[in-house]
Amino acid sequence: MKYYCAKVALLTIFICIYINNIFGQVYGYIVDEQGEALSFATVLVKGTTNGTSANIDGYYELDLQTDTNVDLIYSYVGFNSKIISIRLEKAKLNQNRQLEPATIKI
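What you see is a predicted model; the values in this text were computed from it and never measured.

Side note on the overall build of the chain
At step 1: The helix and strand inventory of the chain stands at 1 helix and 8 strands.
At step 2: When the helices and strands of the chain are placed in sequence order, the string is α-β-β-β-β-β-β-β-β.
At step 3: Classification of the 106 residues of the chain by burial places 27% in the buried group.

The following block contains the structure:
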């Protein structure tokens, strides 16, 4: 029984290390032109359903696979969407973004 528990614990540790190495995190703040937080703005990976939304302070975190090129779409109601191409090569990547207000002509 001792050996079984040791094997399970060791296997769990190796799985956690493996998952930590293949996934990274993009994080940052989404703000407007005055630096005010855009609460609940969205960040989506283009062409997928993977995404997240910012919290009340405009802060977001998005888990992605490392060593991949992705296009991130930053959007908020009343603001122009912004598409940014990134390559996640390390565990964490800071991506603060500023969105510009959309001009609508009636």
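A word on the environment of Leu44
At step 1: In this fold, Leu44 is placed in strand β2 (residues 42-45).
At step 2: Separated by 31 residues in sequence, Leu44 and Ser75 place their C-alpha atoms 8.5 Å apart.

As for the pairing of strand β4 (residues 59-65)
For a regular strand, side chains alternate in direction, first toward one face of the sheet and then toward the other.
At step 1: Burial of the side chains of β4 is restricted to one face: Tyr60, Leu62 and Leu64 are buried, whereas none of Tyr59, Glu61, Asp63 and Gln65 on the reverse face is.
At step 2: Looking at chain direction, strand β1 (residues 23-31) and β4 are connected through 7 bridges and run antiparallel. In the strand pairing of β4, Tyr29 is matched with Tyr59.

Topic: the packing of aromatic side chains
At step 1: In this structure the tally under the stated criterion is 3 aromatic pairs.
At step 2: Seen from their ring centres, Tyr60 and Tyr74 are 5.8 Å apart, and the 75° between their planes marks the pair as edge-to-face. On the criterion of sequence distance, the pair formed by Tyr60 in strand β4 and Tyr74 in strand β5 (residues 68-75) is long-range, its members being 14 residues apart. Of the two residues examined, Tyr60 and Tyr74, each falls in the buried class.

Topic: the nonpolar core
At step 1: Core analysis: the biggest nonpolar cluster contains 19 residues, and Ile30, Leu64, Leu72, Tyr74 and Ile86 have the highest contact counts within it.
At step 2: Elements with a minimum of two residues in this core: β1, β2, β4, β5 and β6 (82-88).
At step 3: In this view, Ile30 contacts Glu36, Ala37, Leu38, Ala41, Val43, Ala54, Gly58, Tyr60, Tyr74, Arg97 and Leu99; residues no more than four positions away in its chain are not counted.

So, the sheet that holds strand β3 (residues 51-53)
At step 1: Reading across from one edge, β3-β2-β5-β6 is the order of the 4 strands in this open sheet, with antiparallel pairing throughout. Since the sheet does not close on itself, it has two edges, and those belong to β3 and β6, each with one partner. On average, each strand axis in the sheet is tilted by 20° relative to the strand beside it, whichever way the strands run.
At step 2: Examined bridge by bridge, β2 and β3 share 3 bridges and lie antiparallel to one another. By the bridge assignment, Thr42 is partnered in β3 with Ser53.

Some remarks on the side chain of Gln25
At step 1: As for its position among the elements, Gln25 is in strand β1.
At step 2: Of the polar contacts made by the side chain of Gln25, one reaches the side chain of Asp63; its length is 3.4 Å.
At step 3: Those residues in contact with Gln25 that sit more than four places away from it in its chain are Glu61, Leu62, Asp63, Leu88, Ala91, Lys92 and Leu93.

What counts, and where the lines are drawn
- Residues numbered from 1 in each chain as written.
- Predicted model: local features only at pLDDT ≥ 70, side-chain atom pairs only at ≥ 80, totals over all residues.
- Heavy atoms only, no water.
- Helix = DSSP H or I, 4+ residues; strand = E, 2+ residues; numbered from the N terminus.
- Buried < 20%, exposed > 50% of the residue type's maximum accessible area, 1.4 Å probe, protein only.
- Pairing = 2+ DSSP bridges.
- Phe/Tyr/Trp six-rings, centres within 6.5 Å; stacked < 30°, edge-to-face > 60°.
- Core = buried A, V, L, I, M, F, W, Y, C linked by side-chain atoms within 4.5 Å.
- Contact = heavy atoms within 4.5 Å.
- Axes fitted to C-alpha atoms, helices over the stretch in contact; angles between N-to-C directions.
- Polar contact = N/O pair within 3.5 Å; in protein donor to acceptor, adjacent residues only side chain to side chain.

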